[in-house]
Amino acid sequence: MAVSLLGHEVSDLCLGKPALRSLPVSATVADALAALKRSGDAYLSVWSCDHTSKINKSHLEDCRCIGKICMVDVICFLCREDNLSCPSDALQSPLSLLLPKVPGLVRHLKPNSRLLEAIDLMLEGAQNIVIPIQSRTNPRKKLVPKPSFNSTLHNGVEFCWLTQEDVVRFLLNSIGIFSPLPGLTIESLNIIDTENIPSVYYHDPASSALTAISQSLINQTSVAVLDQENKLVGEISPFTLACCDETVAAAIATLSAGDLMAYIDCGGPPEDLVQLVKARLEERKLGAFLDLMDEEFSYSSSSSDEEFGFGRRGGSGKYSARMARRSEAIVCYPWSSLMAVMIQALAHRVSYVWVIEEDWSLAGIVTFSGIFKVFRQHLRTQA
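A brief look at the structure comes next. Throughout this description, residue numbers start from 1 for each chain and increase along the sequence as written. Restriction of local features to residues with pLDDT of at least 70 applies here, the model being predicted, together with a cutoff of 80 or more for giving and counting side-chain atom pairs; totals for whole chains, interfaces and linings are based on all residues. Heavy atoms from the whole structure form the basis of all side-chain values; hydrogens and water molecules are not counted.

## Side note on the sheet that holds strand 14 (residues 352–356)
For sheets, the rule is that strands pair by backbone hydrogen bonds, running either parallel or antiparallel. Applicable threshold: Two strands are said to pair when DSSP picks up at least two bridges between them. Only DSSP runs of H or I with at least four residues qualify as helices, and only runs of E with at least two residues qualify as strands; both kinds are numbered from the N terminus onward.
Taken together, the three strands give an open sheet; going across it, the order is 13-14-15, and neighbouring strands pair in mixed fashion. A single partner strand is all that each edge strand has here, and the edge strands are strand 13 (331–332) and strand 15 (362–367). When strand 13 meets strand 14, the two strands line up parallel, connected through two bridges. Directly across from Val331, in strand 14, lies its bridge partner Trp354.

## Describing the pairing of strand 14
Condition: Think of it in three bands: with a 1.4 Å probe and only protein chains considered, a residue is buried below 20% of the maximum accessible area for its type, exposed above 50%, and partly exposed in between. If you view a crossover with the strands going away from you and the path from the first strand over the helix to the second runs clockwise, you call it right-handed.
Most of strand 14 sits out of view: five of its five residues are buried. Residues Tyr352, Trp354 and Ile356 of strand 14 are buried on one face, and the alternating residues Val353 and Val355, pointing to the opposite face, are buried as well. Traced from strand 13 through helix 14 (residues 338–347) to strand 14, the parallel crossover comes out right-handed. One ladder, built from five bridges, connects strand 14 with strand 15; its direction is antiparallel. Looking at strand 15, one finds that Ile356 is bridged to Leu362.

## Points about the nonpolar core
Defined as follows: As used here, the term nonpolar core means buried Ala, Val, Leu, Ile, Met, Phe, Trp, Tyr and Cys residues forming a set that is joined through side-chain atoms within 4.5 Å.
Ile69, Ile236, Val248 and Tyr263 are the most contacted members of the largest nonpolar core, which totals 59 residues. Among the elements that take part in this core, helix 3 (residues 71–78) stands out by supplying seven residues, more than any other. If you look at the next biggest cluster of nonpolar residues, it comprises 57 residues, including Phe170, Ile191, Leu346 and Val366.

## Thoughts on the state of the cysteines
Cut-off, in case you're wondering: Cysteine sulfur atoms are paired as a disulfide whenever they come within 2.5 Å of each other.
Per the counting criterion, the structure on display carries one disulfide. The disulfide that involves Cys49 links it to Cys63, with 1.6 Å between the sulfurs. Of the two residues, Cys49 is situated in the loop between strand 2 (43–47) and strand 3 (65–70) and Cys63 in the loop between strand 2 and strand 3; the sequence distance between them amounts to 14 residues. Sulfur of Cys244: no disulfide; nearest cysteine sulfur belongs to Cys243 and is 6.9 Å away.

## Topic: the side chain of Asp73
Definition in use: None of His or the chain ends enter the tally, which takes Lys and Arg as positive and Asp and Glu as negative. We define a salt bridge as a contact between a side-chain nitrogen of Lys or Arg and a carboxyl oxygen of Asp or Glu at a distance within 4 Å. Here, residues are in contact when the closest pair of their heavy atoms is within 4.5 Å.
Its place among the elements puts Asp73 in helix 3. For the buried Asp73, which has no salt bridge, the nearest side chain bearing the opposite charge is Lys68, at an N-O separation of 8.2 Å. Look past the residues within four positions of Asp73 in its chain and what remains in contact with it is Lys68, Leu98 and Leu217.

## Describing the sheet that holds strand 3
Heads up, the rule is: Here an axis means a line fitted to C-alpha atoms, over the contact stretch when the element is a helix, while the angle between two N-to-C directions is reported on a 0 to 180 degree scale.
Read from one edge of the open sheet, three strands run 1-2-3, paired in mixed fashion. If you trace the sheet from one side to the other, it starts and ends with strand 1 (22–24) and strand 3, each paired once. Ignoring strand direction, the axes of neighbouring strands in this sheet form an average angle of 35 degrees. When strand 1 meets strand 2, the two strands line up parallel, connected through three bridges. Counterpart to Ser22 in the pairing with strand 2 is Ser45.

## Brief notes about the pattern of salt bridges
Going through the model one piece at a time under the given rule, you end up with nine salt bridges. For Asp166, the salt bridge identified is with Lys17, shortest N-O distance 2.5 Å. Linking Asp166 in helix 7 (residues 164–173) with Lys17 in the loop between helix 1 (2–5) and strand 1, this pair joins segments that are 149 residues apart in sequence. On the basis of relative accessible area, Lys17 is assigned to the partly exposed category, the value being 23%.

## Remarks on helix 12 (residues 271–283)
So the rule is basically this: Here the expected length of a helix is defined as 1.5 Å per residue gap, with one fewer gap than residues. The arc refers to the directions leading from the helix axis to the C-beta atoms.
The end-to-end C-alpha distance of helix 12, which contains 13 residues, comes to 18 Å, matching closely the 18 Å that a straight helix rising 1.5 Å per residue would cover. Every buried residue of helix 12 is listed here: Leu273, Val274, Val277, Lys278 and Leu281. Projected down its long axis, helix 12 shows its buried positions confined to an angular sector of 140 degrees, all on one face. Opposite the packed face of helix 12, turned more than 90 degrees from it, sit the exposed residues Asp272, Glu282 and Glu283.

Laid out in structure tokens, this is it:
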């Protein structure tokens, strides 16, 4: 039955999925930043074709999604020392500089491909599977795309993508047929990763976590924040940073890891931390970035506040349409069951759960990738 279930086509998981908004790889960082703010999407897809250029229309048959970008990519880019001193020049840089150099994070599949193929690609490192949207009566297929960023049409076809979360949710909805696997502990299943754990200490400079933040974005995890006894006190989550604006780069460059957690928390940055960031920017003679912060705060003050609980765009205090979590880490224990961990991750919209001991010392992390390995191995034993 499990093999039959995973024999489903990937198109079965695409029902109701929105068409991907896209950017051409020829766009600038500023174009990407504006598109992210305008769309409210956590991620935008990046394509090899440019629908804003009439010259490239003959090459639309080679149109492929080659990656994705989010606000965290922009923030980490602006955190570089030379970009902090001149953010306006940095924003005119080509978007291609933001794309990670890791191949295979985004892959294409045909709509009739088996779900097992998607899982195998994710086990190889794919985060998103790009799939054409199928429709029996789709008048949009005959439309000629207008020259604009955020186009959803590529050679007359719209695409969506499957995420690891989509597949895990699908598996959880039919978890009963995998018995007794769901009730086994994550420790007994040997899926607790104790080696690949990005971490930083509470009083360390937040800038020391930049490499870990970039890596956790690629691995779809987070950066653990530890006290001196290696106990988990929180996290710096790319998911939370993705709901901020570009001015958070200044907070990363000037605050400690612990203060950064408070700065990006969904309640908004405390005023004392905002003033501390500005003072330290002045000390480092980073007036250009200070001006950028003032512009964002000025814009925010002229905008009406939205309902509490929605994702903020960083230091501006402005709320976006995306849900943001607090810096409190999602945790489980070595004796937690596989199903309980899956439910936790899906409930909090994350692709990982920290594993701690009873005294809150960090024992490891469980990821969707580890969960896929368990299901794939289970299917091989049933074959």
